[in-house]
Amino acid sequence: MRHIVVVGAGQAGSSCVAKLRNDGFDGKVTLIGAEPVPPYQRPPLSKAYLLGDMALERLYLRPESFYSEHDIDLRMGRPVSHLDIDARKISISSETFEYDELVLTTGSVPNRLPGAIGGALEGVHVVRDLSDVDAMSPRFIKGTRVLIVGGGYIGLEAAAVASKLGLKVTLVEQSERILQRVAAPETSDFFRDLHTKHGVDIREGVGLDHLQGEVNVTGAMLNDHSELAVDFVIAGVGIRPGTGLAETAGIEIKNGIKVDAHGRTSAPHVWAAGDCTSFPYRGGRIRLESVPNAIEQAEVVAANLMGAGKEYVAAPWFWSDQYDVKLQIAGLNTGYDRVITRRTDADSLSIWYYRGDDLLAVDAMNDPRGFMVGKRLIEGGKSPDPTAIMDPSTDLKALLRA
Ligand code: FAD
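What you see is a predicted model, and the numbers here were worked out from it, not measured in a lab.

### A word on the overall build of the protein chain
Step number 1: Helix and strand content of the protein chain: 12 helices and 26 strands.
Step number 2: In terms of C-alpha radius of gyration, the protein chain reaches 22 Å, essentially the compact-globule figure of 21 Å for 402 residues.
Step number 3: A total of 402 residues make up the protein chain; the buried ones form 52% of that total.
Step number 4: Taking all contacts inside the protein chain whose residues are at least 6 apart in sequence as the whole, residues at least 24 apart take part in 59%.
Step number 5: Carbon and sulfur atoms make up 48% of the accessible area of the protein chain, which totals about 17,600 Å².
Step number 6: Separation of charge centres in the protein chain, based on 43 positive and 53 negative side chains, amounts to 3 Å.

Below, the structure is given as structure tokens:
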């Protein structure tokens, strides 16, 4: 019987095995994950779950019974330590699994603050796994002082939760502005104002020099020579693709596990999907860190394992929740040369990214219509006249028919 082994029981791994069964694959399916819990959604880890508004069971992508009911052999708490692509075998300590086809869905690894600047002190956290959040959430007590290092989405979401729960929040971002890597100054301005209104002390252009403390972190020295007393620290300083297993097996890595449009890696019978991959996109190659990408790419791989011969055409989108603002992002803004701001009322705003006359991406804050229309325009290769976008009286939906 044909045996498909999927390594990495997260969003992509779970989507891949579910799709295999849904499409009628009747061979053997094994899903192996390093974490001791069934596959779960990560987005609520820095949002509703951290806030205490979401029960653990609701995090799970599917009930644990789903896997047995669909004859999926789910192995939890099993970090795969070795892959032999010639023998088509993977190993977990003394256990070995042989495969006919292997899918790597090993996700991302969070960057940590270096030990040399106090990154290994007690009370220094990252936000990647459920266990990370379970370890930090008892510290979310009113009046507690938290330092958040990094003004990307994860850092800002954690800041929003901490501020809502009454913590004293300082966020440092060493770049000139928060969200610098991913968004235009207009979007940064929106979120800076939002956080400042909620009492978060945002310091931009200021990096962490080092953390202080013997066993527990007690303070931080910033590189503008200011000193802060802190009770705990959250590092939101980016992630890197989880390529370790693939790399040691000799699989080609290029800003992630390099896959083709079908999801094949450089090794025969080895496929990959999700955060850990880079894949062809509009003549180049990208890596995406998002749920929609993990699901859709994994489903294409599952279909291809059954001979569909499908190409994955990414339609990037992303979201973030901070306080009562829902940010939805459509497209990728890489290479933009101007932005258009559309404000329809006091609470909703959208930022439209253009390169020349081409619409690349939209950041929509509390503006689901702007997001939906922007997404469809981008996917359809349509670029409306920026003056129409800027005009709040323009009926956006009409642009789709143009
Ligand atoms: P993961 O879900 O990370 O799963 C990979 C799994 O592989 C992990 O469980 C890991 O333990 C396991 N693994 C790794 N190596 C091995 C090994 N050797 N053996 C066995 N198992 C292994 N995306 C959005 O679109 N919107 C959001 O709002 C959003 N918010 C986020 C908030 C947080 C706090 C985080 C951490 C992520 C967020 N993301 C968001 C990103 C999104 O969650 C990821 O892009 C998505 O989970 C990627 O899915 P994946 O399956 O590729 O990786």
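### Focus on the pattern of salt bridges
Step number 1: All chains considered together, the criterion is met by 18 salt bridges.
Step number 2: Put simply, aspartate 189 and arginine 192 hold a salt bridge, and the shortest N to O gap is 2.9 Å. Of the two residues, aspartate 189 and arginine 192 both sit in helix H7 (residues 185-197), three residues apart, roughly one turn of that helix.
Step number 3: On the basis of relative accessibility, which here comes to 34%, the residue aspartate 189 falls in the partly exposed class.
Step number 4: Between lysine 258 and glutamate 252 there is a salt bridge, with its nearest N and O atoms 3.5 Å apart.

### Considering the environment of glutamate 311
Step number 1: Position of glutamate 311 among the secondary structure elements: in the loop between helix H9 (291-305) and strand E22 (317-322).
Step number 2: A sequence separation of 21 residues divides glutamate 311 from leucine 332, and the C-alpha atoms of the two residues are 19 Å apart.

### Digging into the site of the ligand
Step number 1: Taken together, 32 residues form the shell around the ligand, and within it Ala12, Glu35, Lys47, Arg128 and Asp275 come nearest.
Step number 2: Isolated, the ligand exposes 1,000 Å² of accessible area, and the fraction of that covered by the protein chains is 92%.
Step number 3: Of all elements in the fold, only helix H1 (11-22), H9 and E22 reach the threshold of two or more residues within the shell around the ligand.
Step number 4: Looking at the shell around the ligand, its residues break down into 15 nonpolar, 10 polar and seven charged.

### Re the sheet that holds strand E2 (residues 28-32)
Step number 1: Reading across from one edge, E3-E2-E1-E7-E19 is the order of the five strands in this open sheet, with parallel pairing throughout. Because the sheet does not close on itself, it has two edges, and the strands there are strand E3 (72-75) and strand E19 (270-272). Neighbouring strand axes in the sheet, compared pairwise and without regard to direction, differ in orientation by 20° on average.
Step number 2: Summarising the sheet, E2 and E3 pair through four bridges and their orientation is parallel. Within the sheet, the bridge partner assigned to threonine 30 lies in E3 and is aspartate 73.
Step number 3: Relative to the sheet, H1 contacts strand E1 (3-7), E2, E3 and strand E7 (101-104), its axis offset from that of E2 by approximately 165°.
Step number 4: The sheet strands contacting H9 are E1, E7 and E19, and the helix crosses E19 at an angle near 155°.

### Points about a positive patch on the surface
Step number 1: Positive charge collects at one region of the surface, where Arg369, Arg376, Lys382, Lys397 and Arg401 lie side by side.
Step number 2: Structurally, the position occupied by arginine 401 is in helix H12 (residues 396-401).
Step number 3: Residue classification places arginine 401 among the exposed residues on the basis of a relative accessible area of 66%.

### Description of the pairing of strand E10 (residues 145-149)
Step number 1: Of all five residues in E10, four are buried; the element is thus mostly enclosed.
Step number 2: Where E10 lies against strand E11 (residues 168-173), five bridges are found, and the strand directions are parallel. Following the sheet pairing, leucine 147 is matched in E11 by threonine 170.
Step number 3: Following the chain from E10 across helix H6 (residues 153-164) to the adjacent parallel E11, one finds a crossover that is right-handed.
Step number 4: Note: E10 against strand E16 (residues 232-235), four bridges, orientation parallel. Note that in E16 the partner of leucine 147 across the bridge is valine 233.

### Things to note about the packing of aromatic side chains
The description of an aromatic ring pair rests on the distance of the ring centres and on the angle between the ring planes.
Step number 1: Applying the stated criterion to the full structure yields eight aromatic pairs.
Step number 2: Seen in terms of ring centroids, phenylalanine 66 and tyrosine 67 are 5.3 Å apart; in terms of plane orientation they differ by 85°. Their pairing is edge-to-face. Here phenylalanine 66 and tyrosine 67 have matching classes, each one buried.
Step number 3: Each residue in the set Trp317, Trp319 and Phe371 is aromatic and connected to the rest through ring pairs, giving one cluster.

### Some details on the side chain of lysine 375
Step number 1: As for its placement among the helices and strands, lysine 375 is situated in helix H10 (residues 368-379).
Step number 2: Excluding anything up to four places from it in sequence, lysine 375 contacts Trp317 and Ala330.

### Details of the sheet that holds strand E15 (residues 227-229)
Step number 1: Strand order in this open sheet of three strands is E13-E14-E15, and the pairing throughout is antiparallel. Only two strands of the sheet have a single neighbouring strand rather than two, namely strand E13 (208-212) and E15. Strand-to-strand twist of the sheet, defined as the mean angle between neighbouring strand axes without regard to direction, takes the value 20°.
Step number 2: With four bridges connecting them, E13 and strand E14 (residues 219-222) associate as antiparallel partners. By the bridge assignment, leucine 208 is partnered in E14 with leucine 222.

### Observations regarding the nonpolar core
Step number 1: Counting residues in each nonpolar core, the largest one holds 46 residues, and the members touching the most others are Phe140, Val146, Ile148, Val169, Phe191, Ile234 and Met365.
Step number 2: In terms of residue count, H6 provides more of this core than any other element does, seven residues in total.
Step number 3: Once residues lying within four places of it in the same chain are set aside, the contact partners of methionine 365 are Thr187, Phe190, Phe191, Val325, Lys326, Leu327, Asp347, Ser348, Leu349 and Ile351.
Step number 4: Formed by 29 residues, the second largest nonpolar core is a distinct cluster that contains Leu245, Ile257, Val259 and Ile286.

Parameters and conventions
- Here the residue numbering is sequential within each chain, running from 1 through the sequence in written order.
- Only residues with pLDDT of at least 70 are given local features in this predicted model, and only at 80 or more are side-chain atom pairs given and counted; all residues enter the totals for whole chains, interfaces and linings.
- With hydrogens and water set aside, each side-chain value is computed from the structure's full complement of heavy atoms.
- Secondary structure elements follow DSSP: runs of H or I no shorter than four residues count as helices, runs of E no shorter than two count as strands, and numbering proceeds from the N terminus.
- Only C-alpha atoms enter the radius of gyration; for comparison, a globular chain is expected to reach 2.2 Å times N to the power 0.38, where N is the number of residues.
- Buried means the residue's accessible area, taken with a 1.4 Å probe over protein chains only, is under 20% of the maximum for its type, while exposed means over 50%, and partly exposed covers the values in between.
- Any two residues having at least one pair of non-hydrogen atoms within 4.5 Å are treated as being in contact.
- Values of accessible area rely on a 1.4 Å probe in the Shrake-Rupley scheme; residue burial ignores everything except the protein chains shown.
- Charge assignment: positive for Lys and Arg, negative for Asp and Glu; neither His nor the chain ends contribute.
- Every charge is mapped to an atom, namely NZ of Lys, CZ of Arg, CG of Asp or CD of Glu.
- Throughout this description, the term salt bridge denotes a Lys or Arg side-chain nitrogen within 4 Å of a carboxyl oxygen of Asp or Glu.
- Think of it this way: one heavy atom of a residue within 4 Å of a molecule or strand is enough to make that residue near it.
- Residues are sorted three ways: Asp, Glu, Lys and Arg are charged, Ala, Val, Leu, Ile, Met, Phe, Trp, Tyr, Cys and Pro are nonpolar, and all the rest, Gly among them, are polar.
- Strand pairing requires that DSSP identify at least two bridges connecting the strands.
- Axis angles are defined between N-to-C directions and span 0 to 180 degrees, where every axis is a line fitted to C-alpha atoms and, for a helix, only to the segment in contact.
- Patches were defined on residues exceeding 30% relative accessible area and lacking a salt bridge, with like-charge contacts within 9 Å and nonpolar side-chain contacts (Val, Leu, Ile, Met, Phe, Trp, Tyr) within 5 Å.
- For the handedness criterion, the strands are oriented away from the viewer, and a crossover whose path from the first strand over the helix to the second runs clockwise is classed as right-handed.
- When two rings of Phe, Tyr or Trp (its six-membered ring) have centres within 6.5 Å they constitute a pair, described as stacked for plane angles under 30 degrees, edge-to-face for angles over 60, and tilted for the intermediate range.
- Buried Ala, Val, Leu, Ile, Met, Phe, Trp, Tyr and Cys residues that are joined via side-chain atoms within 4.5 Å together make up what is termed a nonpolar core.

This is a description of form; function is not addressed.
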